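Chain residues, written in single-letter form:
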Amino acid sequence: MQSTQTRSDTTEPAGPSHEPVPAVPAFTGGVRVHFAAEDVATLAGPVTSLAVRPVRGGVRAALERLAEGPLPVGVLDEGLRPDERVQLRRVMDRARHLMAHAVLARSTEGPVRELLRLEPVARDAAYRPVAVPADATVRLSRFAFCRTREGALVLESPLATFRAVLTDPAVRALAGALGVPGGPGRLGAEAGLDAVATADVLGHLVGAGFAEIADGEGAFRSDDEPVLRQWDFHDLLFHSRVRSGRYDDVFGAVYPHRGAIDPRPAVRPVPEGPSVPLHRPTREEIAAHDPSLTTAIETRRSIRGYGDQEMTARQLGEFLYRVARVRAHYTPEPGGDRDEVVSRPYPSGGQGYELELYVTVRRCEGLAPGIYYYDPVGHRLVLRNEEEADRASLFHIASRATGMEARPDVLITVTARFQRMSWKYRAIAYATTLRHTGVLYQTMYLVATALGLAPCALGNGDADMSARVLGLDYLQESSVGDFLLGSRRPDDSVAGEPGEGWRMLNSPEWSLPENS
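Fair warning: this is a prediction, and the values are worked out from it, not measured in the lab.

A. Structural detail: the nonpolar core. In terms of nonpolar packing, the biggest core is built from 40 residues, with Phe-319 and Leu-485 touching the most fellow members. Every element with two or more residues in this core is listed here: α11 (313–324), β16 (355–361), β17 (370–375), β18 (380–385), β19 (410–417), α14 (429–450), β21 (453–458) and β22 (477–487). In this structure, Leu-485 is in contact with Tyr-306, Met-311, Leu-316, Phe-319, Pro-408, Asp-409, Val-410, Ile-412, Ala-448, Leu-453, Ala-454 and Pro-455, ignoring residues within four places of it in sequence. Judged by nonpolar contacts, the second largest core, of 35 residues, contains Val-21, Leu-174, Ala-208 and Phe-210.

Dropping the structure here:
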């Protein structure tokens, strides 16, 4: 948003060095100032608010001026006594999480022109603008990206502790031009900025970490620095957004859609189709043949080779029952504020239990080949797809994830009903789903090991293709994990001495799996 206040300063244009103009204080987007009483000011932001007192006289007038937009150096303090200037600085320091750094054009004519606003997204965020030489080559960091936020175009980066609000059209054009390395002269000309304004904006973007200056060999830090080279853009962005520290938006279990959108049910409606009841083991059966937990943990390993004898429907039924059945279902009282939840054998944040299992059978004694949905309440398989070509496609993608090594009896596709989590959680919903997938993987490994089966979790799959084959809406429910299962070869060694290059460390007498 461009301020319409007028200037009263007479700042001279930058000299030949084009040292960046200092930023001036401004409120971050969405902050409103309310004076509820004679000496109380409330600074209300989208996420947090701050009440300060006493606020009277010149300090109150200064906050009122600042609420209308950023002001040139010296204007904000006009008419304030020395003690009021000190008090104003104290108020802004207390409200630093609501304060931004505005970069204003140096022109002394016309209304104030805000070029850029840098809003902190991390506690104690700080930066220093840098002087960009006229002969420098400048480019956006490969971690920087533009998006629309609250009606404005913003530049963000997981390397930066600020968000750059591109308030001026020419600066928005400059951000686009920075996608291609170039000198300040060309970049400014493409954006329609004069040399001084270009140097000012570039100085702040480089200082805050959004743009980079090439070194003497033409290399940029985000491409060349060894640690950054090993981060993919999306991985670092994801890391910065799902943990507190570099994210200032609403976070966690805040129920952002309560009252506007109905929550997804705790139990997925069972699709139509022929069903096959599965074996339900008893506790006595399990106690009779199960190894100890320590044995299962210590002998767990990924197995990508299978026995000649196919696994059985009885084994599959016991596996699914112990891994993913719904044990209990809680339905809240009408009008209550508690969530509808279920209980399953593995843990789930907030008892969301958004994960579902689809079972693709290549060979399984007592069960026809096909693609099935596992009904965790009825403990049965519901046939979803009989097409041999679709089964072959799923198995091919799964085998490719193992280097074309595995040809399992069964492929279990783990899907997530995304809105089950995002209705309740802001910012961490998908990350929590991935955590749940990992927890489910470990549960699958331990149960499969206890049953003497050959398990293998996969690190990749084709969510688009599996959504098509399973008849799912990609945005509502699609795959987040895949797990191979099959019979184990009779001669398959569970544990033994490690191979060449390994050196036993802790408790070698526990016997290490050959391949983990």
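B. Inspection of the sheet that holds β16 at higher detail. The sheet built from 7 strands is open, its strands ordered β13-β18-β17-β16-β19-β22-β21 with antiparallel pairing. Where the open sheet ends on each side, the last strands, each with one partner, are β13 (275–277) and β21. Across this sheet, the average inter-strand angle for adjacent strands is 30°, counted without regard to direction. On the sheet, helix α12 (residues 388–400) packs against β16, β17, β18, β19, β21 and β22 and is oriented at approximately 110° with respect to β16.

C. Summary view of the environment of Arg-283. Within the secondary structure, Arg-283 is located in helix α9 (residues 283–289). In this structure the C-alpha to C-alpha distance between Arg-283 and Val-242, which are 41 residues apart in sequence, comes to 39 Å.

D. Layout of the packing of α11 against α14. At a minimum axis separation of 10 Å, α11 and α14 run at an interaxial angle of 140°. On the basis of their axis angle, the class for α11 and α14 is oblique. Handedness of the crossing formed by α11 with α14: right-handed. Taking contact as the criterion, the partners of Phe-319, Arg-322 and Val-323 in α11 are, on α14, Leu-440, Thr-443, Met-444, Val-447, Ala-448 and Ala-450.

E. Summary view of the side chain of Glu-119. Residue placement: Glu-119 occurs in strand β6 (residues 114–120). Since its relative accessible area comes to 5%, Glu-119 is described here as buried. A distance of 2.7 Å separates the side chain of Glu-119 from the backbone nitrogen of Gly-29, its partner in a polar contact. In this structure Glu-119 touches Thr-28, Gly-29, Ala-100, Arg-149, Thr-161, Phe-162, Arg-163 and Val-165, once residues within four positions along its chain are discounted.

F. Seen up close, the sheet that holds strand β10 (residues 162–165). The sheet built from 6 strands is open, its strands ordered β1-β5-β6-β10-β9-β8 with antiparallel pairing. Lying at the two open borders of the sheet, with one neighbouring strand each, are β1 (24–27) and β8 (145–149). Within this sheet the neighbouring strands show an average axis-to-axis angle of 35°, counted without direction. Bridge count for β6 against β10 is 4 bridges, and the pairing is antiparallel. Residue pairing in the sheet places Glu-119 in a bridge with Arg-163 of β10.

Cut-offs applied
- Residues numbered from 1 in each chain as written.
- Predicted model: local features only at pLDDT ≥ 70, side-chain atom pairs only at ≥ 80, totals over all residues.
- Heavy atoms only, no water.
- Core = buried A, V, L, I, M, F, W, Y, C linked by side-chain atoms within 4.5 Å.
- Buried < 20%, exposed > 50% of the residue type's maximum accessible area, 1.4 Å probe, protein only.
- Helix = DSSP H or I, 4+ residues; strand = E, 2+ residues; numbered from the N terminus.
- Contact = heavy atoms within 4.5 Å.
- Pairing = 2+ DSSP bridges.
- Axes fitted to C-alpha atoms, helices over the stretch in contact; angles between N-to-C directions.
- Parallel < 35°, antiparallel > 145°, perpendicular 65-115°, else oblique.
- Left-handed = near helix turned anticlockwise from the far one by under 90°.
- Polar contact = N/O pair within 3.5 Å; in protein donor to acceptor, adjacent residues only side chain to side chain.

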